[in-house]
Amino acid sequence: MDPLTLFALANGAVQAVKKGCELYKEIAGVAGDVKSVLEDLDSQFNLRHKDKPPTVHEKNQYIEEKNRIIGLSKQQPNDIYTEIGESLGVYFENYAKCTAIFEEEEKRSQNEVYVGETSLGKRALQRVLMQSRLTAMQAELRELMVYNCPPELGDLYTRVEKM
């Protein structure tokens, strides 16, 4: 698999972890209090449309939001933990593959005579950019897992990094 595809997969995994953390917060926010959240949503909708009836689009958005809240209330936190864990696994696998490709390219640049159409400068720039993106992605994930992950997961990222 080419490095750009691996990078895209690793980045997609980071976004999935972020979405899982956000979903956990939403579930925690509505858990046990679904009735009052739905009542608040109803009152806001009715207040907004007391002078004029809602359009079909607005009514559909309102129904979708109510269904989303009801769906969140039915989800189990363990489902979210599993989803976050699987996304982390995808990230670590693709990060390792990207790092291996990067190291292989570095070795090649030191030990082999390059024959090709791309200049040495451009190839070096590609390696530097790939390394910068991987470092930024790793920092984003670390920050996300340390400050925004469900507290039940504890220091999961730190424990994985130590292994």
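All of these numbers come straight from a predicted model, not from anything done at the bench.

Describe the overall build of the protein chain, with residues and values.
A count of helical and extended segments in the protein chain gives six helices and zero strands. Along the chain direction, N to C, the helices and strands of the protein chain fall in the order α-α-α-α-α-α. Counting across all 163 residues of the protein chain, residues that qualify as buried make up 28%. Within the protein chain, contacts between residues separated by at least 24 positions form 81% of all contacts whose residues are at least 6 apart in sequence. Total accessible area computed for the protein chain in this model is approximately 11000 Å², and 54% of it derives from carbon and sulfur atoms.

Before we move on, could you go through the side chain of H49 and cite the residues and values that matter?
Within the fold, H49 resides in the loop between α2 (34–48) and α3 (56–74). Setting aside chain neighbours within four positions, we find H49 in contact with P54 and E58.

Lay out the nonpolar core with the relevant residues and their values.
Ranked by size, the top nonpolar core spans 23 residues in total, and within it V17, I84, Y91, L141 and M145 carry the most contacts. Elements supplying a minimum of two residues to this core: α1 (3–30), α4 (77–111) and α5 (120–147). I84 has contacts with V17, G20, C21, M145, P150 and L153, leaving out every residue within four places of it along the chain. Residues L41, F45, Y62 and I69 belong to the second largest nonpolar core, which totals five residues.

Break down the confidence of the model for the protein chain for me, with residues and values.
Mean pLDDT for the protein chain: 76, with 87% of residues reaching 70 or above. Of all helices and strands in the protein chain, the one with the weakest mean pLDDT is α1 (72), whereas α5 scores best (82).

Go over the side chain of E58 with me, naming the residues and quoting the values.
Mapping E58 onto the fold places it in helix α3. Overall, the relative accessible area of 18% leaves E58 in the buried class. E58 has contacts with F45, R48 and H49, leaving out every residue within four places of it along the chain.

Any details on α5? Residues and values, ideally.
For α5, spanning 28 residues, the distance from its first C-alpha to its last is 41 Å, which sits close to the expected 40 Å at 1.5 Å a residue. Residues of α5 that are buried include every one of R123, R127, M130, L134, M137, Q138, L141, L144 and M145, and no others.

Can you lay out the environment of E105 for me, pointing to particular residues and giving the numbers?
With respect to the helices and strands, E105 occurs in helix α4. In sequence terms E105 and A124 are 19 residues apart; their C-alpha atoms lie 9.3 Å from each other. Discounting residues that sit within four places of it in the chain, E105 has contacts with R123 and R127.

Any details on the packing of aromatic side chains? Residues and values, ideally.
Counted by the stated rule, this structure contains two aromatic pairs. On the basis of an interplanar angle of 65 degrees and a centroid distance of 5.1 Å, the ring pair of Y91 and F92 is categorised as edge-to-face. Note on Y91: relative accessible area 0%, which makes it buried. Judged by its relative accessible area of 23%, F92 falls in the partly exposed class. Each residue in the set Y91, F92 and Y95 is aromatic and connected to the rest through ring pairs, giving one cluster.

Rules of the game
- Residues numbered from 1 in each chain as written.
- Predicted model: local features only at pLDDT ≥ 70, side-chain atom pairs only at ≥ 80, totals over all residues.
- Heavy atoms only, no water.
- Helix = DSSP H or I, 4+ residues; strand = E, 2+ residues; numbered from the N terminus.
- Buried < 20%, exposed > 50% of the residue type's maximum accessible area, 1.4 Å probe, protein only.
- Contact = heavy atoms within 4.5 Å.
- Areas by Shrake-Rupley, 256 points an atom, 1.4 Å probe, with all protein chains shown as cover.
- Core = buried A, V, L, I, M, F, W, Y, C linked by side-chain atoms within 4.5 Å.
- pLDDT = per-residue confidence, 0-100.
- Expected span 1.5 Å × (residues − 1).
- Phe/Tyr/Trp six-rings, centres within 6.5 Å; stacked < 30°, edge-to-face > 60°.

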